[in-house]
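Residue-level listing of the chains:
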Amino acid sequence: MRPENRPHASFLQHWAREITEGRLDVLQGSRLMLRVGWFPMGQPKELEQLWNLLDDWDEIPRLRGQITSELFVFAKELLRKES
């Protein structure tokens, strides 16, 4: 990770933890992670799945339950990778 991205990564970890511990809605937290991470960090490959899942959320309403589960797993994986 580039040094200039460390503050953004800290926010990503914080919101991922809030999601996985049930203190923050999965969709809201995922959108916060995307907002602070995707463009400010230069569209990192590590966040492509998050971008795609949120795009699918908007485009494919019938899959929102499945997408929510996948967003939760994404948050768990993000925490696992950073620990």
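Refer to the preceding data block for the structure.
Residues take numbers from 1 onward in each chain, read along the sequence in its written order. Only residues with pLDDT of at least 70 are given local features in this predicted model, and only at 80 or more are side-chain atom pairs given and counted; all residues enter the totals for whole chains, interfaces and linings. Side-chain metrics rest on all non-hydrogen atoms present in the structure, leaving aside hydrogens and water.

Further remarks concern unusual backbone geometry. Located in the positive-phi region is Gln43, a residue other than glycine, with phi close to 55 degrees. The way it works is that DSSP assigns letters per residue, a run of H or I at least four long becomes a helix, a run of E at least two long becomes a strand, and they are numbered from the N terminus. Within the secondary structure, Gln43 sits in the loop between α2 (26-37) and α3 (48-59).

All right, on to the pattern of salt bridges then. Once their charged atoms are close, side chains differing in charge can pair, the charge on each being opposite to the other. Between Lys or Arg on one side and Asp or Glu on the other, a salt bridge is scored when a side-chain nitrogen of the former is within 4 Å of a carboxyl oxygen of the latter. Counted by the stated rule, this structure contains 4 salt bridges. Note that Glu77 is salt-bridged to Arg80, the shortest N-O span being 2.8 Å. Pair noted here: Glu77 and Arg80 are both in helix α4 (residues 64-82), with a separation of 3 residues, about one helical turn. Buried means the residue's accessible area, taken with a 1.4 Å probe over protein chains only, is under 20% of the maximum for its type, while exposed means over 50%, and partly exposed covers the values in between. By relative accessible area, Glu77 is classed as partly exposed at 31%. Since its relative accessible area comes to 51%, Arg80 is described here as exposed. Here the salt bridges do not stand alone but share partners, grouping Glu18, Glu21 and Arg23 into one network.

Here the focus is the packing of aromatic side chains. What counts as a ring pair is set by centres within 6.5 Å for rings of Phe, Tyr and Trp (its six-membered ring), and what kind of pair is set by the plane angle: stacked under 30 degrees, edge-to-face over 60, tilted for all other angles. Going through the model one piece at a time under the given rule, you end up with 4 aromatic pairs. Put simply, the rings of Trp38, Phe39 and Trp51 pair up and form one aromatic cluster.

A helix is expected to span 1.5 Å for every residue after the first. Between its first and last C-alpha atoms α3 spans 16 Å; for 12 residues at 1.5 Å apiece the expected length is 16 Å, and the two agree. In this structure, the buried residues of α3 make contact with α2 and α4. In this analysis, two residues are considered to be in contact whenever any of their non-hydrogen atoms come within 4.5 Å of each other.

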